[in-house]
Amino acid sequence: PPSCHVMGASPPRAHARQAGTSLAMRAANLAASASPPEGARGLESNTKKASTLVRKLRELSEEKRQALIDEMSKLNLRLFVSEVAAAIAEAKLRGSDVAAATAIASAMHQVYADFSRELMPLVHKAAVSPAAPGESESDRAARLARKRSSLRLLGELYMAGLSTDFAQVVGALKECARQDAESAKAAADGSSGGAALSAELPNLAAVLGFAKNCAPLLLAPFRSILVAADGAPVAADAADAEQHEWAEPIIFEKEARLLHALLGNYFKMLSKLALAEHARVRRQERSNRRALQSSGELSEEMASKYDTVRRAFDRIWAGVVALAELLRVAPPVLPTEADDDEEAARRAAAASADAEYADDGVRRVEGFEGMEVWEDEEDAILHTHLPELRAAIPATMLGGGAEEEGAPASEADDDGGALAGAHPIDTLLLTLPKCASRDKVDALCFDLCYAGLNGAPERLVRALANPPAGRSELLPYYARLAATLHAAGFADVSGPLCAQLLAAFDSHMAGGPRALMALAYVGELCKAGVLPAEAALARLRLAVDGLHSRACAEALCALLDSCGRYLYRAATTHLRTAALLQLALRVKNSRALRDDSDAIIEAAVAQCMPPTTLARAPPEPPLSPLKAYIRQLLSTELNAAGVDGVLSKLRKLRWVAEPELGPFTLGELLRACESRLDALPLVASLVSGLGRGAEEVVVMWVDVLLEHFVAAAARADHRERQLLLCRARLLGEFFNYRVLSSTHIYELLHALVPFARPLPGDWFHCGAHVPPAAADAARAAAKAAKAGA
């Protein structure tokens with residue numbers, strides 16, 4: 001069980017003082033109830049003063065307590081008993097004013113015997129007042145505040161002896177608990193879909209006020225009995241022993257058990273509701289985390305929703321802890337983030353056996369497993385393997401050391417060394433631009449600590465924030481120095497340094513002075529762990545949003561060049577960085593940027609993202625030796641001088657026995673035509689020569705060529721115009737070598753007439769063609785034969 005006092009619970013000695021006052025007041029009030037007072041004989045009867053007193057009682061407070069009691073002791077209020085009772089019941093009391101109201105009510109009760117019979121019903125009615133239909137927000141707040149003070153006043157009046165009816169107090173407490181239980185049940189029924197708001201317990205503050213201020217005095221004498229009755233005996237500590245010494249029973253044991261059971265049931269209801277609210281908070285946190293990972297930012301609606309459920313849980317959990325302390329029981333155990341991550345992993349594994357999750361619960365992306373965060377081993381050592389200053393240097397010389405020892409030295413330096421304007425670390429800072437290696441930077445860290453860096457950190461901040469112009473290679477080592485000192489407790493070095501660089505970064509994006517070194521410096525500090533990754537991602541998003549300006553484009557590229565690849569490869573920032581990079585490309589394509597801006601943005605994004613390997617076409621199956629021989633003949637040996645040799649070799653092939661050679665040879669012939677313009681008559685000569693020994697193959701070739709030509713002409717695709725032109729010239733060469741007759745050519749021309757239409761470009765442009773000598777000889781022989789005939 002918790003042993004600490006929370007939520008403003010009064011310590012035992014404060015309860016002791018309160019109990020002593022209450023017991024003395026209770027004895028006086030019980031004596032007045034046993035022997036009714038004689039009344040207000042001899043007191044002044046002044047209606048005007050009495051009415052004024054009633055108006056003052058409606059605004060009573062602890063400061064006015066003694067003045068009001070003194071004024072009441074001088075007036076005869078016999079005719080104003082009901083008005084005084086109504087004024088006290090209707091007064092707007094704070095928590096500190098309840099004791100004053102109890103004292104004033106006790107003073108009235110000791111003089112007027114019927115005062116308590118007028119007051120107690122009014123206070124009970126205010127303590128259990130339900131919500132009115134159509135109640136406004138301001139009226140509701142005022143009613144709950146009055147209800148909170150009335151329930152506590154009811155318990156204080158009973159303990160002060162103004163009433164002996166404990167059932168009236170328990171009844172008011174039961175009614176408040178019932179109203180809260182109904183509110184919690186209604187909220188649970190409405191939140192079955194997960195969209196309802198958190199349950200609101202209107203009487204939680206009232207019940208907790210009674211439990212903290214009244215219940216300890218009522219239950220203190222029965223503490224050991226009640227704990228033992230719950231089956232969880234607890235050894236009484238010193239506070240319980242001290243409380244038992246002064247505590248006297250105010251109620252009977254049966255009534256104490258009833259009150260303890262009532263508070264215990266309220267605690268159980270509150271614990272269940274706290275667990276439900278905690279689950280809602282965790283679900284909202286996971287939703288926010290997914291939104292941050294996907295888009296890089298959190299919408300105002302989601303942030304407001306999280307604040308709402310978080311405040312509701314904190315309010316309920318504070319009540320659970322306070323009641324657990326009063327009842328001496330342990331509060332419920334809340335699930336941790338590790339439990340949530342394990343549960344999420346189990347659910348994901350059950351839903352998809354192929355799903356893979358990183359250690360932080362982030363779903364892995366395809367190809368992400370093989371990426372390394374750092375470029376190489378040297379880069380990893382530079383940013384992660386930092387020297388342990390705490391293990392080698394006394395604590396008084398590190399950040400957060402003995403301020404008493406450092407203060408006199410600083411004052412002496414300001415007084416005696418102000419004229420010289422020097423400090424022991426100034427000489428070391430002169431060597432800072434020469435520290436271009438890990439060993440030199442680490443040695444400088446030790447020297448700075450021994451020279452009294454904790455007494456003048458602002459000097460180092462100025463030196464680190466202003467690196468030499470044009471020395472960008474020093475930035476990783478400057479960041480290593482800041483990270484080493486940050487790990488040693490020098491927050492007054494890393495904090496101001498990050499603030500200055502972020503201010504320069506923001507000023508550059510806003511159109512201020514150019515600070516390209518500061519842009520790269522921010523990325524190096526992020527990789528070194530000095531600057532949180534969230535700050536770098538926030539600046540990255542701002543740069544993407546303002547990508548229309550040249551300054552924001554420079555800031556984006558500088559930040560990506562310095563730490564973009566690191567943020568993209570880190571598991572915790574990979575998804576958010578990838579989303580921002582894709583967003584940057586979309587913004588670049590949608591806005592009219594300068595050509596150089598487009599180029600540098602594309603280069604920066606390409607540097608961050610790993611290169612994607614394009615899908616390769618499956619390799620062609622190996623050719624048979626005969627097919628490889630045919631390809632070699634038609635690709636390398638086919639020329640004007642060797643066409644006859646190629647023809648004789650092709651005639652030796654077994655075209656009928658191996659029918660797969662026909663389609664393959666046709667493809668190779670067409671490939672030769674597409675690659676070389678002078679191969680068209682040579683291919684026509686080969687086809688004409690093969691027609692004498694493999695007529696069926698040649699017919700098949702011509703039919704396929706004609707079919708493809710007509711189909712291409714019907715499509716009229718401008719992308720196929722060169723191919724169509726090549727096929728047409730090949731068909732013309734077929735006519736020249738008598739593979740096709742004039743009848744076939746005319747039929748083909750008639751078939752092309754329906755497809756005639758204007759085509760883009762210079763369709764009929766082609767190079768000069770010189771027919772081979774064989775074609776000229778054939779034409780000359782044909783002309784001579786015709787003339788002889």
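Cut-offs and rules
- Residues numbered from 1 in each chain as written.
- Predicted model: local features only at pLDDT ≥ 70, side-chain atom pairs only at ≥ 80, totals over all residues.
- Heavy atoms only, no water.
- Helix = DSSP H or I, 4+ residues; strand = E, 2+ residues; numbered from the N terminus.
- Areas by Shrake-Rupley, 256 points an atom, 1.4 Å probe, with all protein chains shown as cover.
- Axes fitted to C-alpha atoms, helices over the stretch in contact; angles between N-to-C directions.
- Parallel < 35°, antiparallel > 145°, perpendicular 65-115°, else oblique.
- Left-handed = near helix turned anticlockwise from the far one by under 90°.
- Contact = heavy atoms within 4.5 Å.
- Nonpolar A, V, L, I, M, F, W, Y, C, P; charged D, E, K, R; others polar.
- Phe/Tyr/Trp six-rings, centres within 6.5 Å; stacked < 30°, edge-to-face > 60°.
- Buried < 20%, exposed > 50% of the residue type's maximum accessible area, 1.4 Å probe, protein only.
- Core = buried A, V, L, I, M, F, W, Y, C linked by side-chain atoms within 4.5 Å.
- Expected span 1.5 Å × (residues − 1).
- pLDDT = per-residue confidence, 0-100.
- Salt bridge = Lys/Arg side-chain N within 4 Å of Asp/Glu carboxyl O.
- Disulfide = S-S within 2.5 Å.

A. Quick look at the overall build of the protein chain. Broken down by element type, the protein chain carries 36 helices and zero strands. Accessible area of the protein chain: about 41,400 Å², with a carbon and sulfur share of 56%.

B. Looking closely at the packing of helix H24 (residues 516–528) against helix H26 (residues 550–569). At their nearest, the axes of H24 and H26 sit 8 Å apart, and the two run at 20° to each other. When the axes of H24 and H26 are compared, the pair comes out roughly parallel. Relative to H26, the crossing made by H24 is right-handed. Along the contact surface, H24 presents Leu516, Leu519, Ala520, Val522, Gly523, Glu524, Cys526 and Lys527, while H26 presents Glu554, Ala555, Ala558, Leu559, Ser562, Cys563, Tyr566 and Leu567. For the contact of H24 with H26, the per-class residue count stands at eleven nonpolar, two polar and three charged.

C. Focus on the side chain of Ser61. Along the chain, Ser61 falls in the loop between helix H2 (47–57) and helix H3 (65–72). Those residues within four positions of Ser61 in sequence are excluded, and the remaining contacts are Arg94, Asp97 and Ala100.

D. Examining the environment of Leu634 more closely. Residue position: Leu634 is located in helix H29 (residues 625–637). Expressed as a C-alpha distance, the spacing of Leu634 and Ala679, which sit 45 residues apart in the sequence, is 9.6 Å. The contacts of Leu634, once residues within four sequence positions are left out, are Val646, Leu650, Thr665, Glu668, Leu669, Ala672, Arg676 and Leu686.

E. Structural detail: the packing of aromatic side chains. A full pass over the atoms with the stated rule returns four aromatic pairs. Relative to Tyr521, the ring of Tyr478 lies with its centre 6.5 Å away and its plane at 65°, an arrangement referred to as edge-to-face. Taken together, the positions of Tyr478 in helix H22 (residues 475–487) and Tyr521 in helix H24 put the pair 43 residues apart, joining distant regions of the chain. Each member of the pair, Tyr478 together with Tyr521, is buried.

F. Up close: the nonpolar core. Ranked by size, the top nonpolar core spans 82 residues in total, and within it Leu460, Leu464, Leu481, Leu485 and Leu525 carry the most contacts. Among the elements that line this core, the one with the most residues is H26, at twelve residues. Judged by nonpolar contacts, the second largest core, of 80 residues, contains Leu53, Val169, Leu219 and Ile250.

G. Quick look at helix H31 (residues 661–675). Between its first and last C-alpha, H31 extends 21 Å over 15 residues, near the 21 Å set by a 1.5 Å rise per residue. Within H31, the full set of buried residues consists of Leu661, Gly662, Phe664, Thr665, Leu666, Glu668, Leu669, Leu670, Ala672 and Cys673.

H. Representation of the packing of helix H21 (residues 457–465) against helix H23 (residues 491–509) in the model. Viewed as axis vectors pointing N to C, H21 and H23 meet at an angle of 40°, and their least axial separation amounts to 9 Å. Crossing hand, H21 versus H23: right-handed. Across the interface between the two elements, Pro457, Leu460, Val461, Leu464 and Ala465 of H21 pack against Asp492, Val493, Pro496, Leu497 and Gln500 of H23. A class-by-class count of the residues in the contact of H21 with H23 yields eight nonpolar, one polar and one charged.

I. Representation of the confidence of the model for the protein chain in the model. When pLDDT is averaged along the protein chain, the result is 76; 77% of the residues meet or exceed 70. Taken as a whole, residues 1–17 scores under 50 in pLDDT and shows 32 contacts with residues more than four places along the chain or in a different chain.

J. Structural context of unusual backbone geometry. Phi is positive for Arg328, which is not a glycine, with a value near 60°. Along the chain, Arg328 falls in the loop between helix H14 (300–327) and helix H15 (337–351). Within the chain, Arg738 stands out as a residue other than glycine whose phi angle is a positive 65°. As for its position among the elements, Arg738 is in the loop between helix H34 (721–736) and helix H35 (742–752).

K. Focus on the pattern of salt bridges. In this structure the tally under the stated criterion is 27 salt bridges. Where Arg715 meets Glu720, a salt bridge forms, and the shortest distance between an N and an O atom there is 3.0 Å.

L. Quick look at the state of the cysteines. Tallied over the full model, the rule gives zero disulfides. Free cysteine: Cys435, not disulfide-bonded; nearest cysteine sulfur from Cys445 at 8.7 Å. Cys563 takes part in no disulfide bond, and the closest cysteine sulfur, belonging to Cys526, lies 4.6 Å away. What makes Cys563 buried here is its relative accessible area of 1%.

M. Region of interest: the environment of Ala456. Relative to the elements of secondary structure, Ala456 occurs in the loop between helix H20 (438–450) and H21. The exposure class of Ala456 is buried, given its relative accessible area of 3%. On a C-alpha basis, the gap between Ala456 and Val493 in space is 9.7 Å, while along the polypeptide they are 37 residues apart. Excluding residues that lie within four positions of it along the chain, Ala456 makes contacts with His423 and Ile425.

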